[in-house]
Amino acid sequence: KCATLSGIVKNHPDLVAFKKKWKAENGAMTSSEGKATKKAVVDLFIVPRHIADILQLDKDEVMAVNAKTEERKGTGFLTKKECNAIIE
């Protein structure tokens, strides 16, 4: 059996209800400092090593040493904005 995703109906009642429930449960978290924080889903990119070598890109930047979040530092997972900054 095989299935493919052909589209998403963003205003489907089940999806709208799920989003409301998810936001109520997970939308706002509190940090250890008591400030409200939100979770976000973002696209992450990895620059292949051979491409970084060919373009002579800084290895620290490619490895996301200066990433905004501690979880991504040194992993090589870059946001689109970080990828664009490396190329410029």
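Residues numbered from 1 in each chain as written. Predicted model: local features only at pLDDT ≥ 70, side-chain atom pairs only at ≥ 80, totals over all residues. Heavy atoms only, no water.

Novice: What am I meant to see in the overall build of the chain here?
Specialist: What the chain contains, in helices and strands, is four helices and two strands. Counting only contacts in the chain whose residues sit at least 6 apart along the sequence, the fraction spanning at least 24 positions is 31%. In the structure as shown, the chain presents an accessible area of about 8,000 Å², 57% of it carried by carbon and sulfur atoms. (Helix = DSSP H or I, 4+ residues; strand = E, 2+ residues; numbered from the N terminus. Contact = heavy atoms within 4.5 Å. Areas by Shrake-Rupley, 256 points an atom, 1.4 Å probe, with all protein chains shown as cover.)

Novice: Would you take a moment to explain the environment of V47 for this structure?
Specialist: By secondary structure assignment, the location of V47 is in the loop between β2 (36–38) and α2 (49–54). Residues within four places of V47 in sequence aside, it is in contact with A52, L57, V62 and L78.

Novice: Sorry if this is basic, but what is going on with helix α4 (residues 80–87) here?
Specialist: Counting along an α-helix, one turn takes 3.6 residues, and residues three or four places apart therefore face a common direction. Here α4 has its buried residues at E82, C83 and I86. Projected down its long axis, α4 shows its buried positions confined to an angular sector of 100°, all on one face. Of the residues in α4, the exposed ones pointing more than 90 degrees away from the buried face are K80, K81 and I87. Packed against the buried residues of α4 are α3 (59–62). (Buried < 20%, exposed > 50% of the residue type's maximum accessible area, 1.4 Å probe, protein only. Arc of directions from axis to C-beta.)

Novice: It is not clear to me how a positive patch on the surface should be interpreted in this structure. Could you clarify?
Specialist: Side chains of K10, K19, K23 and K38 sit close together on the surface and give a patch of like positive charge. With respect to the element layout, K10 can be found in the segment before α1 (13–27). (Patch = residues over 30% accessible without salt bridge, like charges linked within 9 Å, V, L, I, M, F, W, Y side chains within 5 Å. Salt bridge = Lys/Arg side-chain N within 4 Å of Asp/Glu carboxyl O. Lys, Arg positive; Asp, Glu negative; His and termini not counted. Charge placed at Lys NZ, Arg CZ, Asp CG, Glu CD.)

Novice: Can you help me understand the nonpolar core in this one?
Specialist: In globular proteins that are soluble, nonpolar side chains generally tend to be buried together. Judged by nonpolar contacts, V47, A52, L57, V62, A64, A67, L78, C83 and I86 together constitute the single largest core of nine residues. With residues near it in sequence (within four places) discarded, V62 still touches V47, A52, L57, G76, L78 and I86. (Core = buried A, V, L, I, M, F, W, Y, C linked by side-chain atoms within 4.5 Å.)

Novice: Any chance you could explain the pattern of salt bridges here in plain terms?
Specialist: For side chains of opposite charge, pairing can occur when their charged atoms come near one another. Enumeration according to the criterion identifies three salt bridges in this entry. The shortest N-O distance in the salt bridge between R72 and E82 comes to 2.9 Å. Here the residue R72 occupies a position in the loop between α3 and α4, and E82 occupies one in helix α4, the gap between them amounting to 10 residues. Grouping residues by exposure puts R72 and E82 together as buried.

Novice: Whenever I open this one, unusual backbone geometry confuses me. Can you help?
Specialist: Excluding glycine, residues mostly carry a negative phi; peptide bonds, for their part, are mostly trans. Phi at Q56 is positive, roughly 55°, even though this residue is not glycine. Along the polypeptide, Q56 turns up in the loop between α2 and α3. Judged by its relative accessible area of 71%, Q56 is exposed. Of note, the phi angle at A64 is positive, near 60°, even though the residue is not glycine. Within the secondary structure, A64 sits in the loop between α3 and α4. The class of A64 is buried, set by a relative accessible area of 3%.

These figures come from the coordinates and say nothing about function on their own.
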